[in-house]
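# Notes for the structure review
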Amino acid sequence: MNCIFCKIIANEVESSKVYEDDNILAFMDLHPVNEGQVLVVPKEHIDHFSDIPEELALKIFSKSHQISKKIKEKLNPERVGFVVHGYGVAHAHLIIIPQKCSTDIAHGKMAKIEDGKIIFTVDNLPMVPRVELDKVAKIIKDSLL
Ligand SMILES: [Zn+2]
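Residues numbered from 1 in each chain as written. Predicted model: local features only at pLDDT ≥ 70, side-chain atom pairs only at ≥ 80, totals over all residues. Heavy atoms only, no water.

### A closer look at the pairing of strand 6 (residues 111-114)
In this structure, strand 6 lies alongside strand 7 (residues 117-120), joined through 4 bridges in antiparallel fashion. Pairing of K112 across the sheet is with I119, part of strand 7. Counting the residues that bridge the hairpin from strand 6 to strand 7 gives 2 residues, and of these D115 lies at a positive phi of roughly 55°. (Pairing = 2+ DSSP bridges. Helix = DSSP H or I, 4+ residues; strand = E, 2+ residues; numbered from the N terminus.)

Shown next, in the form of structure tokens:
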């Protein structure tokens, strides 16, 4: 399998490890938005985060929460965010992102150019009518039963 995260887990590729146990690994991101960005992955190769068994997903979130507290305490970012976007490497990963400003985690759909500068604002995202929100909420809610 040609998965960079599996190679990191197998110690075939160098990484700067933050935490490791039998099931998960946390290591420094090579391409951070800001200093202190950490990736937390299951050791088992699972592509989609939503396919991770619940107990393992909870362990990833729990350890990520613990790591974020230490990042906040030791590196002093303004905020610490979490992202699971599912792109990049096809091996589920939660990204812990120390943030220095509100655009450190932003979506391209939020961008607009104003006075020659790129501005990120939710004002660029369409407000969804309540009837549509309720419709999708029902689909999700009913599937949770
Ligand atoms: Zn993998």
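Resuming the write-up.
### Overview of the coordination of the zinc ion
For the zinc ion, the full set of protein donor atoms is C3 (SG), C6 (SG), H45 (ND1) and H91 (ND1), and the range of their distances to it is 2.0 to 2.3 Å. Considering all 4 donor atoms around the zinc ion, the spread of angles at the metal, 105 to 116°, places the coordination shape in the tetrahedral class. Ordering the donors of the zinc ion by residue number gives the pattern C-x2-C-x38-H-x45-H. The exposure class assigned to C3 is buried, which follows from its relative accessible area of 6%. (Donors = N, O, S within 2.8 Å, 3.2 Å for Na, K, Ca; no water. Tetrahedral: all angles 85-135°; square planar, octahedral: opposite > 155°, others 65-115°. Buried < 20%, exposed > 50% of the residue type's maximum accessible area, 1.4 Å probe, protein only.)

### Examining the pattern of salt bridges
A side chain with one charge may pair with a side chain of the opposite charge, provided their charged atoms come close. Under the criterion given, the structure shown has 8 salt bridges. The closest approach of N and O atoms between E114 and K112, which form a salt bridge, is 3.2 Å. Accessibility expressed as a relative area gives 31% for K112, which makes it partly exposed. For K138, the salt bridge identified is with D142, shortest N-O distance 2.4 Å. Of this pair, K138 and D142 both sit in helix 3 (residues 130-144), 4 residues apart, which is roughly one turn of the helix. D142 gets classed as partly exposed once you look at its relative accessible area, which sits at 37%. One connected set of salt bridges, linked through shared partners, spans K17, E20 and K43. (Salt bridge = Lys/Arg side-chain N within 4 Å of Asp/Glu carboxyl O.)

Without other data, these values stay purely geometric and don't point to any function.
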